[in-house]
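What follows is each chain in one-letter form.
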Amino acid sequence: MEIYPKLIMDALATVRYPGTGKNIVEAGMVEDDLRISGLHVSFSLIFDKPTNPFLKSLVKASEAAIHAYVGKEVEVEIHTKTLQAPRPEVGQLLPGVKNIIAVSSGKGGVGKSTVAANLAVGLSKLGYKVGLLDADVFGPSMPKMFHVEDAHPYAESVDGRDLIVPVESYGIKMLSIGFFVDPDQATLWRGAMACNALKQLIGDANWGDLDYFILDTPPGTSDIHLTLVQTLPITGAVIVSTPQKVALADARKGINMYQNEKVNVPILGLVENMAWFTPAELPQNKYYLFGKEGVKRLAEEMHVPLLGQIPIVQSICENGDNGTPEVLNDGSQTGQAFMAFARRVVEETGRRNAEQAPTKIVEVKK
Ligand SMILES: Nc1ncnc2c1ncn2[C@@H]1O[C@H](COP(=O)(O)OP(=O)(O)OP(=O)(O)O)[C@@H](O)[C@H]1O
């Protein structure tokens, strides 16, 4: 049997690229490197990007077409090439980022996102380059907290890759899944979809050089946390809790997750949010609505620093809703409390980096 190029190209012209009405030859996907040697045929297929969803099925379909139209005995060797450079390997995703800090809470609604937003702005006020990733894929709140709900991040080409450009607000580079999906839909996402979206926001965005990359994680312990520790070497975690007993029990679980020997992310410290209520007209009065100093005691018991105590104040809630984080307010006691907390995070990160080895990314078991 004689095999010649036209036979192969005619066979490949029967393979359609789904959804376009074109076959893979018309679509220019067959590279000009066809080699025929006896019964052995080799060539390359060109795809737009390594994550093209049809990559595997089109390779199989091409092989099947050659077997069907040319002959079963043909040995087919297909290589794949992509126009876009692949995403760097895990471990080399954010080469310009110095410190990655996860802000976590055991329980929902304790003010974790508020603390993460104020930490990011506080660090930026101290002159650091800061990025913020809203990894709370099931309840993204950062677009609102930074008053950029209507932002539509676009992509730019960098070194042969299309990278998402983070939105900038108060000098902070920020991305949230909230920019890409309807918030009501996000809660319906299956775990795997959410984890993939998160990997894209980390690995396919142009974060550039950052001193601090803050991750606002979902409450509790979830697949998202697992994805984060398998994708990034997290320098340290900040755990937010209220002094309430139920919140403290969940905070303990959060600490244990990071300290688990397989995860090994150092705890930079705890933050007591809603530590007491202070009415605006009686700034010296403190009412301990959720109990007194529960987080302080937990910090002592777990031998981790207490990084700050933030009272319940109406303006924190209002400023969060208005998109102007409280830490911007130099004149307020709470603004100063958030600023002092940001300074403590810098201090503890410095201490952690001096005393402990860099965090290792958790390996994915296949
Ligand atoms: N110290 C505070 N004083 C007053 N209001 C606060 C304080 N901290 C947070 N809040 C308000 O409480 C609500 C919940 O806060 P936030 O969204 O930060 O919590 P969360 O723990 O991130 O929630 P989720 O579990 O949904 O991710 C928001 O309306 C926020 O403005």
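Residues numbered from 1 in each chain as written. Predicted model: local features only at pLDDT ≥ 70, side-chain atom pairs only at ≥ 80, totals over all residues.

## Thoughts on the packing of helix H1 (residues 5-12) against helix H2 (residues 55-69)
Where H1 contacts H2, the two axes come as close as 8 Å, and the packing angle between them is 120°. Classified by the angle their axes make, H1 and H2 are oblique. For the pair H1 and H2, the sense of crossing is right-handed. Residues Ile8, Asp10, Ala11 and Leu12 of H1 pack against Ser62, Ala65, Ile66 and Tyr69 of H2. (Axes fitted to C-alpha atoms, helices over the stretch in contact; angles between N-to-C directions. Helix = DSSP H or I, 4+ residues; strand = E, 2+ residues; numbered from the N terminus. Parallel < 35°, antiparallel > 145°, perpendicular 65-115°, else oblique. Left-handed = near helix turned anticlockwise from the far one by under 90°. Contact = placed C-beta atoms within 7 Å.)

## Here we look at the nonpolar core
Most often, soluble globular proteins keep nonpolar side chains buried together rather than apart. Residues Ile101, Val103, Leu119, Ala120, Ile214 and Val238 are the most contacted members of the largest nonpolar core, which totals 78 residues. With sequence-adjacent residues up to four places away left out, valine 238 is seen in contact with Ile101, Val103, Leu268, Gly269, Val271, Leu307 and Val345. Core analysis: the next-biggest nonpolar cluster, separate from the first, contains 14 residues, Leu12, Met29, Val30 and Ile66 among them. (Core = buried A, V, L, I, M, F, W, Y, C linked by C-beta atoms within 7 Å. Buried ≥ 20, exposed ≤ 12 C-beta atoms within 10 Å, placed from the backbone.)

## Thoughts on the pairing of strand E11 (residues 236-241)
The two faces of the sheet receive side chains in turn, since in a regular strand these alternate between them. Counted residue by residue, E11 has six buried out of six residues, so it is predominantly covered. Taking every second residue as pointing to the same face, both faces of E11 are buried, with Gly236, Val238 and Val240 on one and Ala237, Ile239 and Ser241 on the other. Bridge count for strand E4 (residues 97-105) against E11 is five bridges, and the pairing is parallel. Within E11, the residue paired with alanine 102 across the bridge is alanine 237. (Pairing = 2+ DSSP bridges.)

## A few points about helix H9 (residues 294-302)
Along H9, the positions that sit buried rather than exposed are Gly294, Val295, Leu298 and Ala299. For H9, the angular spread of buried residues about the axis comes to 135°, placing them on one side. Elements in contact with the buried residues of H9: E11, helix H8 (245-259), strand E12 (267-277) and strand E13 (306-312). With its phi angle positive at about 60°, histidine 303 sits one or two positions after the end of H9. (Arc of directions from axis to C-beta.)

## Overview of the UniProt feature "domain: MIP18 family-like" (unreviewed entry) in the protein chain
The sites that carry the UniProt feature "domain: MIP18 family-like" (unreviewed entry) are, in the present numbering, residues 8-77. From the first C-alpha to the last, residues 8-77 spans 12 Å; its make-up is 29% helix and 20% strand. (UniProt positions renumbered as here; feature names shortened; annotations may be inferred.)

## Considering the site of the ligand
In the vicinity of the ligand there are 20 residues, among which Gly108, Gly111, Ser113, Thr114 and Gly320 approach most closely. Mapped by element, the contributors of at least two residues to the shell around the ligand are helix H3 (112-125), E12, E13 and helix H10 (314-322). Its residues placed into classes, the shell around the ligand shows eight nonpolar, 10 polar and two charged. (Near = placed C-beta within 6 Å. Nonpolar A, V, L, I, M, F, W, Y, C, P; charged D, E, K, R; others polar.)

## Things to note about the UniProt feature "binding site: ATP" (unreviewed entry) in the protein chain
When the UniProt feature table is mapped onto this chain numbering, "binding site: ATP" (unreviewed entry) sits at Gly106, Lys107, Gly108, Gly109, Val110, Gly111, Lys112 and Ser113. Counting through the fold element by element, serine 113 comes out in helix H3. With 24 C-beta atoms counted inside 10 Å, the residue serine 113 sits in the buried group. Residues in contact with serine 113, not counting those within four places in the same chain, are Asp136, Ser141, Met142, Met145 and Asp216.

## Points about the environment of glycine 160
Assignment of secondary structure puts glycine 160 in the loop between strand E6 (155-158) and strand E7 (161-164). Look at glycine 160 and you get exposed, because 10 C-beta atoms sit within 10 Å. The residues touching glycine 160, leaving out its near neighbours within four places in the chain, are Gln84 and Ala85.

## As for the sheet that holds strand E8 (residues 167-169)
Ordered by their spatial adjacency, eight strands build an open sheet running E8-E9-E5-E10-E4-E11-E12-E13, and the pairing between neighbours is mixed. Either end of the sheet is taken by a strand with one partner, and the two such strands are E8 and E13. On average, adjacent strands in this sheet sit at an angle of 25° to one another, irrespective of strand direction. Direction of pairing for E8 relative to strand E9 (residues 172-176): antiparallel, over a ladder of three bridges. Among the inter-strand pairings, glutamate 168 is bridged to a residue of E9, identified as lysine 173.

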